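Architecture at a glance
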Amino acid sequence: MNERIAYTKPSITALEVGYATDAAANGWGAQCYDYIHKFERLFCQHLGVRYAIATSSCTGALHMGMAALGIGEGDEVILADTNWIATVSPVVHLGATPVFVDILPDTWCLDPEQVEAAITPNTRAIIAVHLYGNLCDMGKLLALGEKYGIPVIEDAAEAIGSVWQGKRAGAMGRFGAFSFHGTKTITTGEGGIFVTNDPELYETVLTLSNHGRARGQTRQFWPEMVGFKYKMSNIQAAIGCGQLERIEELIQRKQQIMANYRQALMGIACIQLNPEQPGATIGAWMPNAVFDKGSGITDQALMQAFQSANIDARPFFAPLSALPMFAGVQPEPVAVDIAGRSINLPSYHDMTHQQQERIVQVLAGMA
């Protein structure tokens, strides 16, 4: 049998290992935050934002950001029905009500028209998730936010390298959140980051991130509010510093893998890959193949075909409304439809041309 192809894994070199080793040997006492602060500075420079707070996960970054905005019981937060649970769980933890709307059939991201239709006097935020590195229509979403006085939050967990009209994903909303899980374009093993250009919001989240202890507080162990413990470790940040020094290389490799898939599949009319709108560039974190409705191909058949070929692949996210904890919520039709006829394709940095050819052969055999 052919060697198994993984769907994703990180690219770690001697640079990251060296930094992590230094952090493990020397990053204690007065030096315990050195790599964390360096990582935050480097990420701000890459993204073009003023403030960043490294966290233990993207979920933690979203949780603290929404808590800092005062979102809580009786509030509503609008987000796409197509999402991973990590986007909605902080909404639920804060006691707010998630309001699911459908995705666009071409970008698989939040439908701005349905967002506007779902806005009520209780709406406190819109979460724009750049699914698989695809881009939400930030022009329309930000205009809605301004029109109704509602903050737009960017869940850019999957969107390292994605750019909308010259601005990087995660840098356009009231705040952004990223993931550095081992599957992502850059990794710290586990981890995330909160980013914003709002100084007041930054200070509030910074206080929350330190168990409610404000920066500049001289009284030791004196919190001013109930906060969180979502810190990234110094060793994780050290790995991240190495990754950020290689970030353009890592993004370009992801984009090259996507380009290879496009070239190889361009003659198969019934398969569509991640869209790239005019004026936008996707970071191409996770290539996704969607079969036309008329093909009769299902997600289950695709997963079985890849399993038989000894290739790791992932299903498209099921609608959140289909999950048991949201029983009774009506699933959105496009979210259900796309999930039923698509599959995530392997895309790790070190995959070979021959491995991509094996993947393409499976898809072509289904077409």
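This one's a predicted model, so the numbers in the text were calculated from it and none came from an experiment. Residue positions are given per chain, counted from 1 along the sequence in the order it is written. Only residues with pLDDT of at least 70 get local features here, since the model is predicted, and only at 80 or more are side-chain atom pairs given and counted; chain-wide, interface and lining totals rely on the full set of residues. Only hydrogens and water are removed before side-chain values are computed, so all heavy atoms of the structure are retained for them.

All right, on to the layout of surface pockets then. Using a 1 Å grid laid over the protein atoms alone, points where a 1.4 Å probe fits but cannot get out form a cavity; open sets with protein on both sides within 12 Å along at least 5 of 7 lines form a pocket; any residue with an atom within 4 Å of a point counts as lining. Grid points are joined across faces, edges and corners, and a volume is the space filled by probe spheres set on the points. Each pocket or cavity is described by its volume, and for the largest pocket that value is around 510 Å³. In this structure, the largest pocket is lined by 25 residues; those nearest its centre are Y33, L206, S209, N210 and K231. Three classes are used, and their members are as follows: Ala, Val, Leu, Ile, Met, Phe, Trp, Tyr, Cys and Pro are nonpolar, Asp, Glu, Lys and Arg are charged, and the others, Gly among them, are polar. The class makeup of the residues in the lining of the largest pocket is 12 nonpolar, 8 polar and 5 charged. Computed from the structure, the second largest pocket encloses a volume of approximately 430 Å³. Taken together, 25 residues line the second largest pocket, and the ones lying closest to its centre are W84, A86, E158, S179 and K184. Numbering of helices and strands starts at the N terminus; helices are DSSP runs of H or I of at least 4 residues and strands are runs of E of at least 2. Of all the secondary structure elements, the ones that give two or more residues to the lining of the second largest pocket are α3 (58-68) and α4 (85-93). Per-element tally for the lining of the second largest pocket: the top contributor is α3, with 3 residues. Considering only residue class, the lining of the second largest pocket consists of 10 nonpolar, 10 polar and 5 charged.

Only Phe, Tyr and Trp rings take part, Trp by its six-membered ring, and two of them pair if their centres are within 6.5 Å. Stacked means planes under 30 degrees apart, edge-to-face means over 60, and tilted covers everything else. Scanning all chains against the criterion turns up 14 aromatic pairs. Plain terms: the ring middles of F39 and F180 are 5.3 Å apart, the flat faces sit at 80 degrees to each other, and that makes the pair edge-to-face. With F39 in helix α2 (residues 34-47) and F180 in the loop between β8 (175-179) and β9 (192-196), this pair connects stretches of sequence that are 141 residues apart. The pair F39 / F180 is uniform in exposure class, with both members buried. On the numbers, 5.0 Å between centres and 75 degrees between planes, the contact of F43 with F178 is edge-to-face. Here F43 is found in helix α2, whereas its partner F178 is found in strand β8, with 135 residues between them in sequence. For F43, a relative accessible area of 0% translates into the label buried. The buried label goes to any residue with under 20% of its type's maximum accessible area, the exposed label to any with over 50%, and the partly exposed label to all in between, with areas taken from a 1.4 Å probe on protein chains only.

The gaps left among the atoms become clear once a water-sized probe is rolled over them. All told, the structure shown has 1 cavity of 30 Å³ or more when counted by the stated rule. In this structure, the largest cavity spans a volume of roughly 30 Å³. Residue lining of the largest cavity: H46, L47, A159, I160, G161, S162, R168, A169 and F178, and that is the complete set. Grouping the amino acids of the lining of the largest cavity by side-chain chemistry returns 5 nonpolar, 3 polar and 1 charged.

With a phi close to 65 degrees, W108 is a non-glycine residue in the positive phi region. Positionally, W108 belongs in the loop between β3 (97-101) and α5 (112-118). The class for W108 is buried, based on a relative accessible area of 3%.

Here we take up the sheet that holds strand β12 (residues 288-291). Strands belonging to one sheet form pairs held by backbone hydrogen bonds; the direction of such a pair is parallel or antiparallel. As summarised here, the arrangement of the 4 strands in space is β10-β12-β14-β13, forming an open sheet in which the pairing is antiparallel. Every interior strand has two partners, whereas the edge strands, β10 (271-272) and β13 (314-315), have only one. Here a strand pair is declared whenever DSSP counts at least two bridges between the two strands. Of the strand pairs in this sheet, β10 and β12 are connected by 2 bridges, and their pairing is antiparallel. What sits directly across from Q272, in β12, is V290.

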